[in-house]
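Listed here are the chains, written in short residue letters.
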Amino acid sequence: MTAHPTASSLDVRARIGQLNQRLKGWEAVRWVDGRPRITDVLRAEVDRWGGIGAVYGVLRADPWSGVHWGNGIPPERSAEAYAAVQDHVVAHSDGGVPTLFVEEVPHGLQALGGTTVPVNLALGAAMDEQLVEELAAAVAAEVRARGTHVALVSGLDVLRDPRWGRSEECWSEDAALAAIMVAATVRGMQGGGPGPIDDRHVAVVAKHLAGQGAGIGGRNGSGAPIGRRELAEVHLPPALAAAREHVAGFMAAYNDVDGVPCCGNRDLLTTTIRDAWGWDGLVMADGTAVDRLRDVTPDPASAAALALRAGVDLSLWDEAYTHLDTALGRGSVSTEDLDRAVDRVLALKRRVGLLGTPEPAPAHVPTPGPVPPAEALERTTIALAERAAGRAVVALGGALPAIAPDAVVAVVGPNADDVDALLGDYAPPRPPVDPGAATVRSALEARLGPARIRTTRGSGLRHPLPGPDGLLAVRTALLGADVAVVVLGGSSRRAYDDGFEDNGAVSGPAPDTTNGEGVDLASIAVPEAQLDVLRAARESGLPVVAVVVDGRPRVLTEVLALADGVLVVPFPGPSGGRAVADVLFGAPAEGRLPATWPGADGVLPVAHDERLETARGYVDVTSRSTVTGAPGPGDGVDVRLAEGSNAVTAVRLLAGGTVTVPVTVRNRSDAPRRVSVPLWGRRREPGVRPRRRRLLALVTVDVPAGGTVDTAYALGLDALGTWDAGLRLGARPLELDCWTDDVLDPPGSTRTVRVTDGQESVRWVS
């Protein structure tokens with residue numbers, strides 16, 4: 001193997017091979033008779049190109065791949081499977097250049113035995129940056145211990161329409177919260193800094209760039225009809241945050257922005273993220289996204305040329321990049337275009353230690369010790385995932401009914417006892433013996449004993465259950481109970497007999513699947529079949545708690561009216577039932593809504609940071625939406641802003657200056673609390689209509705029982721800056737009202753912050 005290969009050291013065929021990631025890994029290696037066997041598919045691809053840039057999904061296990069516990073790679077043998085592929089690639093490649101191993105890690109490794117953690121929407125509800133970073137580091141250690149080099153990680157999409165099936169992959173509808181969380185994820189997974197990524201961390205390709213959450217009607221991959229200001233203010237902050245953390249790569253999305261496909265958008269993939277932001281990583285196309293450029297180009301070679309010139313370095317499952325030799329021959333791409341992309345692929349291989357000797361880590365980075373055994377890594381990840389699930393439970397409506405230690409509880413509803421409904425999309429199959437899993441039913445049974453639990457589904461997620469399994473069974477379970485816990489919501493379940501698109505999105509029949517890629521909904525109302533179960537509980541006269549386990553905002557107006565208390569639980573992971581049981585038995589519900597839960601089905605899209613308008617809304621809707629941040633810090637917690645610095649010049653802001661806003665958090669309860677406190681704001685700047693409210697900053701503090709903690713928000717360019725037409729974050733004079741109360745409009749307790757000109761004024765403000 002050449003220790004330090006460059007594009008110029010390879011012939012054209014091998015260079016094109018380095019830009020291709022056509023293979024699905026489960027087709028490249030099979031587990032046969034207790035050992036890995038490489039396939040003719042892999043042999044042919046290596047022979048064709050004299051090497052391969054990357055191989056996707058060697059470990060992937062799910063219904064689309066067809067890999068399960070009966071035929072997949074045993075978790076403890078993952079390194080053997082990778083080694084079989086790598087040995088063949090190196091032995092038969094020009095220059096012996098190794099390949100990158102790439103896996104899906106949206107919320108845990110999508111492989112047999114991979115630890116599934118709460119989805120991004122749940123972590124957004126937790127609003128705990130430190131916990132997200134710790135969890136990301138634990139996941140990365142587990143992934144790298146298997147032998148994976150690159151993790152594909154959801155984190156850039158901003159939830160602007162809850163009809164979108166992939167809402168669960170978003171942190172929030174708020175760009176600033178998404179930026180905070182994706183930065184924490186990149187730091188945790190890569191280890192921090194621009195240098196080598198060691199053997200306890202993994203390179204991150206953050207997806208998807210950009211605007212995918214703004215698709216028309218919430219339809220997956222549809223165009224984002226937005227202007228540059230909306231793109232910059234709402235959809236680019238997470239990407240900029242990731243770039244500042246030296247993320248290894250970005251995945252260019254399927255969708256177009258104002259008609260220009262992201263994979264063919266040079267202004268986005270080169271002028272903005274590279275030239276304006278100074279980022280120097282790799283851009284990977286989303287699966288088959290380059291082939292989808294055929295609707296704007298005449299043939300595959302032209303599609304490949306458009307993507308390469310735009311800045312796409314590595315394809316995924318595409319045929320188009322196999323036609324780059326034709327594009328070179330036509331002169332539609334240059335050798336310099338090709339070499340630039342190849343050198344970026346090789347640079348990533350060097351960064352993860354595949355080529356030569358990596359540069360030593362900077363002095364401030366501690367030298368890691370031995371990698372713990374897989375079992376220890378898994379235990380750490382599970383413990384952090386359970387903490388995160390507990391932090392993500394959101395309580396709405398009235399106080400929860402008390403459940404006595406000797407109570408009989410009816411646990412009913414379609415999600416009452418379904419582990420799959422806790423997981424989210426991109427989750428591997430659970431093991432045949434799964435002692436760590438806990439549904440709401442099993443968690444309550446563990447506390448009260450089997451004799452005190454009455455349970456039945458009562459309905460499907462979309463449709464009623466016929467005969468005795470339906471409402472009759474619900475009414476029977478309610479007889480003799482003291483409390484009804486009704487578990488509703490959705491599921492991203494995938495079945496091995498479902499149909500799938502060429503990119504893995506479910507295409508049918510999926511009769512009881514309501515979430516995930518390819519499952520966009522015209523209506524986000526809770527289905528009538530589920531409401532009928534809740535109505536039966538209400539009619540019983542029992543105290544009723546509704547638990548909504550889902551991966552998208554839902555219309556909860558009738559749920560709130562029928563239940564005494566409501567818990568919103570974004571897909572919490574396989575042990576999420578314990579987090580629900582803890583809150584039902586008195587633990588504080590510490591989560592906040594990470595997006596707006598609409599008050600009615602027809603008010604979409606709706607978000608807390610819409611621009612101010614004079615319209616009074618819809619005349620046929622009286623119910624109110626429940627906005628991002630609700631229900632506030634919880635009972636027994638007081639938050640108060642104090643006086644601090646209130647101005648910074650635009651010049652100082654650009655140079656890294658900040659404004660400090662002190663805040664005091666008081667815990668009046670008799671137990672310690674971990675409290676996340678968002679700082680909201682409304683801007684007033686010349687010539688720009690303000691958004692009603694934006695997240696400016698977030699602090700999380702541990703407050704002892706009866707104690708007080710003083711801390712402060714440091715507002716810098718991210719909070720106070722202004723995006724220019726070149727998609728750069730700059731500074732201009734403005735005023736901004738700040739508050740922490742859980743309200744949309746500035747209350748009486750606001751603090752005013754100013755960005756001033758050289759004369760320390762905001763000229764248009766009197």
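Predicted, not measured: the structure shown is a model, and the values here were computed from it.

Enquirer: Which parts of the structure should I look at to understand the overall build of the protein?
Expert: When its secondary structure is counted, the protein shows 21 helices and 28 strands. For the protein, the spread of C-alpha atoms along the three principal axes comes to 75 × 75 × 50 Å. A burial count over the protein gives 60% of its 766 residues as buried. In the protein, 77% of the contacts between residues at least 6 apart in sequence involve partners at least 24 apart. Here the protein displays about 27500 Å² of accessible surface, and carbon together with sulfur accounts for 51% of that area.

Enquirer: Is there a simple way to think about helix α7 (residues 175-190) in this case?
Expert: Spanning 16 residues, α7 covers 22 Å between terminal C-alpha atoms, matching the ideal 22 Å at 1.5 Å per step. Within α7, 14 of the 16 residues are buried, which leaves the element mostly enclosed by the surrounding structure. Between the side-chain oxygen of the N-cap and the backbone nitrogen of Ala176 there are 2.8 Å, and the N-cap of α7 in question is Asp174. Residue Gly191 follows α7 closely and has a positive phi angle near 95°.

Enquirer: Would you take a moment to explain the pattern of salt bridges for this structure?
Expert: Opposite charge on two side chains permits pairing when their charged atoms draw close. What the rule picks out here adds up to 54 salt bridges. Residues joined by salt bridges that share partners form a network here, namely Asp128, Arg391, Glu590, Arg674 and Asp702.

Enquirer: Can you help me understand the pairing of strand β12 (residues 409-412) in this one?
Expert: Taken residue by residue, a regular strand's side chains alternate between the two faces of the sheet. Judged by which residues are buried, β12 turns out to be covered on both faces: Val409 and Val411 on one side and Ala410 and Val412 on the other are all buried. Pairing of β12 with strand β13 (residues 453-456), which is carried by four bridges, proceeds in the parallel orientation. The residue bridging Val411 from the neighbouring strand is Thr455, located in β13. Each parallel crossover has a hand, and the one from β12 via helix α15 (residues 440-448) to β13 is right-handed. Pairing of β12 with strand β14 (residues 483-489) involves four bridges; the strand directions are parallel. Counterpart to Val409 in the pairing with β14 is Val483.

Enquirer: Just checking my understanding: could you explain the packing of aromatic side chains for this structure?
Expert: Any two aromatic rings considered together are summarised by their centre-to-centre distance and by the angle between their planes. The final tally for this structure, using the stated rule, is seven aromatic pairs. Relative to Trp64, the ring of Trp26 has its centre 5.2 Å away and its plane inclined at 70°; by these criteria the two rings are edge-to-face. With a gap of 38 residues between them, Trp26 in helix α2 (residues 25-28) and Trp64 in the loop between β3 (54-56) and α4 (78-92) connect regions that are remote in the sequence. Side by side, Trp26 and Trp64 carry an identical accessibility label, which is buried.

Enquirer: Would you explain the sheet that holds strand β18 (residues 565-570) in this entry?
Expert: Sheet strands pair by backbone hydrogen bonding; their relative direction is either parallel or antiparallel. The sheet built from six strands is open, its strands ordered β11-β18-β17-β14-β12-β13 with mixed pairing. Every other strand in the sheet has two partners, leaving β11 (394-397) and β13 as the edge strands with one partner each. This sheet shows a mean twist of 20° between the axes of neighbouring strands, independent of strand direction. Note: β11 against β18, four bridges, orientation antiparallel. Within the sheet, the bridge partner assigned to Val394 lies in β18 and is Val568. Most of the contacts of helix α17 (residues 528-539) go to β14, to which it runs at about 170°, and overall it touches β12, β14 and β17 (544-550).

Enquirer: Explain the environment of Trp69 to me, please; I cannot follow it from the model alone.
Expert: Along the polypeptide, Trp69 turns up in the loop between β3 and α4. The class of Trp69 is partly exposed, set by a relative accessible area of 33%. Along the chain, Trp69 and Gly113 lie 44 residues apart, while their C-alpha atoms are 9.2 Å from each other. Once residues lying within four places of it in the same chain are set aside, the contact partners of Trp69 are Pro75, Leu112, Gly113, Pro429, Arg430, Pro431 and Pro432. There is a polar contact of 3.2 Å between the side chain of Trp69 and the backbone oxygen of Arg430.

Enquirer: I would appreciate a short explanation of helix α19 (residues 576-584) in the present structure.
Expert: In an α-helix there are 3.6 residues to a turn, and that puts residues three or four apart on one side. The buried fraction of α19 is high, at seven of nine residues. Looking at α19, one finds that the buried residues are Gly576, Gly577, Ala579, Val580, Ala581, Val583 and Leu584. On its buried face, α19 sits against α14 (374-391), α15, β14, β17 and β18. Gly586 lies just past α19 and shows a positive phi near 115°.

Enquirer: Looking at this structure, I do not really get the side chain of Thr322. What am I missing?
Expert: Mapped onto the elements of the fold, Thr322 is located in the loop between α11 (300-310) and α12 (324-330). In terms of polar contacts, Thr322 uses its side chain to reach the backbone carbonyl oxygen of Glu319, at 2.5 Å. Excluding its chain neighbours within four sequence positions, the residues that come into contact with Thr322 are Asn20, Arg22, Arg48 and Trp49.

Enquirer: Explain the sheet that holds strand β5 (residues 150-154) to me, please; I cannot follow it from the model alone.
Expert: Reading across from one edge, β3-β4-β5-β6-β7-β10 is the order of the six strands in this open sheet, with parallel pairing throughout. With partners counted over all chains shown, the strands left at the sheet margins are β3 and β10 (282-285), one partner each. Taking the axes of each pair of neighbouring strands and ignoring which way they run, one obtains an average angle of 30° across the sheet. Two strands pair when backbone bridges link them, and β3 and strand β4 (residues 100-104) are joined in this way by three bridges, in the parallel orientation. Considered in β4, the bridge of Ala54 is made with Leu100. Running at roughly 155° to strand β6 (residues 203-209), α7 makes contact with β5 and β6 of the sheet.

Enquirer: Where do I start with the nonpolar core in this structure?
Expert: Most often, soluble globular proteins keep nonpolar side chains buried together rather than apart. Counting 170 residues, the largest nonpolar core has Met189, Leu209, Phe250, Tyr713, Leu715 and Leu720 as the members making the most contacts within it. No other element matches the ten residues that α7 contributes to this core. If near-sequence neighbours (up to four positions away) are discounted, Leu715 is found in contact with Gly657, Thr658, Val659, Val661, Leu679, Leu696, Ala697, Leu720, Cys738 and Val753. Counting 69 residues, the second largest nonpolar core, distinct from the first, contains Ala416, Leu448, Ala536 and Leu562.

Enquirer: Can you help me understand the side chain of Thr664 in this one?
Expert: Mapping Thr664 onto the fold places it in strand β21 (residues 659-667). In this structure the side chain of Thr664 is engaged in a polar contact, spanning 2.7 Å, whose partner is the side chain of Asp710.

Enquirer: Even after reading the chapter, I still don't get the packing of helix α3 (residues 40-49) against α4, so can you show me in this structure?
Expert: Relative orientation of the contacting elements α3 and α4 amounts to 25°, with a least axis distance of 10 Å. Accordingly, the angle class assigned to the pair α3 and α4 is roughly parallel. Like other packed secondary-structure pairs, α3 and α4 cross with a definite hand, here right-handed. For the pair α3 and α4, the contacting residues are Leu42, Arg43 and Val46 in the first and Val85, His88, Val89 and His92 in the second. Grouping the amino acids of the contact of α3 with α4 by side-chain chemistry returns four nonpolar, two polar and one charged.

Conventions and cut-offs
Residues numbered from 1 in each chain as written. Predicted model: local features only at pLDDT ≥ 70, side-chain atom pairs only at ≥ 80, totals over all residues. Heavy atoms only, no water. Helix = DSSP H or I, 4+ residues; strand = E, 2+ residues; numbered from the N terminus. Buried < 20%, exposed > 50% of the residue type's maximum accessible area, 1.4 Å probe, protein only. Contact = heavy atoms within 4.5 Å. Areas by Shrake-Rupley, 256 points an atom, 1.4 Å probe, with all protein chains shown as cover. Expected span 1.5 Å × (residues − 1). Polar contact = N/O pair within 3.5 Å; in protein donor to acceptor, adjacent residues only side chain to side chain. Salt bridge = Lys/Arg side-chain N within 4 Å of Asp/Glu carboxyl O. Pairing = 2+ DSSP bridges. Right-handed = clockwise from strand over helix to strand, strands pointing away. Phe/Tyr/Trp six-rings, centres within 6.5 Å; stacked < 30°, edge-to-face > 60°. Axes fitted to C-alpha atoms, helices over the stretch in contact; angles between N-to-C directions. Core = buried A, V, L, I, M, F, W, Y, C linked by side-chain atoms within 4.5 Å. Parallel < 35°, antiparallel > 145°, perpendicular 65-115°, else oblique. Left-handed = near helix turned anticlockwise from the far one by under 90°. Nonpolar A, V, L, I, M, F, W, Y, C, P; charged D, E, K, R; others polar.

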